[in-house]
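# Close look at the chain arrangement
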Amino acid sequence: MITSTLIGLLFGAGLAALLTLLFGVYSIGPTERGVLTTFGRVQRTAGTTAEDPQLGALLNAEEKARYNYPNVRVIPPGGPYFKWPWQKLYKVDMTIQAIDITWDPDISQDSIEAVTKDNLTVQISGQIRWKPCARNLYAYLFGVAHPAAHVVGYFISVLRDRIATFHGQSAEGSVEGVSINDLRRNLSLINSYMEEACRKTSARYGVDLDAALITNIDPPTDVDEALASINTTQNQVAASISQTKADADQKLKMA
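Residues numbered from 1 in each chain as written. Predicted model: local features only at pLDDT ≥ 70, side-chain atom pairs only at ≥ 80, totals over all residues. Heavy atoms only, no water.

## A word on the overall build of the chain
Scanning the chain for helices and strands turns up eight helices and 11 strands. Split into buried and exposed, the 255 residues of the chain put 34% on the buried side. Looking at the chain alone, contacts between residues at least 24 apart form 77% of all its contacts between residues at least 6 apart. Per element, the accessible surface of the chain, about 15,100 Å² overall, is 56% carbon and sulfur. (Helix = DSSP H or I, 4+ residues; strand = E, 2+ residues; numbered from the N terminus. Buried < 20%, exposed > 50% of the residue type's maximum accessible area, 1.4 Å probe, protein only. Contact = heavy atoms within 4.5 Å. Areas by Shrake-Rupley, 256 points an atom, 1.4 Å probe, with all protein chains shown as cover.)

In structure tokens, the structure reads:
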């Protein structure tokens, strides 16, 4: 009786050890990072987001108090590693991902609407490229429920503000004034502005914005047709003025 009980205990212990090894050994892929929690608490290291020399510099005083996440232990690519049954592993894909700015987990839409300074409603389409911020994986994993949705929402709010206050800038190919033409001819300037303005998403949501790719800013069809007609007339007038000036210069030279 004692022998059979001992054998049962040894068998159970051996089976438990085997299962622990089978399910406790893991590896991290070359494009991944790992984070472990023990009884639901993430493994932390010294410091916080507000104290980070790179991330802290992106936040103002109010934001530092609101988005002050702890630093966590990040498991680099490689292995084999081992975890206990009471530990949970989170694997994070660190590759750059592209997402359409119209993406929303709750609704389906083809474009984003914004209003210009002259009260023209325009439809905007494009993409953003992003990846998880290795220096702020706590925010990415535990700070917000859907990091991608937060970043898209934040990006759209900043973009709408930029569209509503946009002025043509003195640069090659730009036009002074506020109009759909200004916006269309300055897409590269708008994208550059968006990339700079959204840098703080690394500290706020644990997401690095890699690039902003606004591709189209379109007014309603009837307005677009009217603008096309106006632009054609303006181009014809400009061409006539240039030709008249060239003819006058030629006559002066001949005289």
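Still more to cover.
## Side note on the pattern of salt bridges
Under the counting rule described, the total for this entry stands at six salt bridges. Two residues, K200 and E63, come together in a salt bridge whose shortest N-O distance is 3.1 Å. Taken as a pair, K200 in the loop between α6 (187–197) and α7 (201–205) and E63 in helix α2 (residues 61–66) lie far apart in primary sequence, 137 residues in all. By relative accessible area, E63 is classed as buried at 7%. Between D210 and R129 there is a salt bridge whose closest N-O contact spans 3.2 Å. Of the two residues, D210 is situated in strand β11 (residues 207–218) and R129 in strand β10 (residues 121–132); the sequence distance between them amounts to 81 residues. Overall, the relative accessible area of 34% leaves D210 in the partly exposed class. Salt bridges here are not isolated pairs; linked through shared partners, they connect E63, K200 and R204. (Salt bridge = Lys/Arg side-chain N within 4 Å of Asp/Glu carboxyl O.)

## Structural notes on the confidence of the model for the chain
Across the chain, the average pLDDT comes to 80, with 73% of residues at 70 or higher. Contacts of residues 170–178 to residues separated by more than four positions or lying in other chains number 19 contacts, the stretch itself having pLDDT below 50. (pLDDT = per-residue confidence, 0-100.)

## Comments concerning the environment of R162
When you line up the elements, R162 lands in helix α4 (residues 147–164). For the pair formed by R162 and Y193, sequence separation is 31 residues and the distance between their alpha carbons is 8.6 Å.

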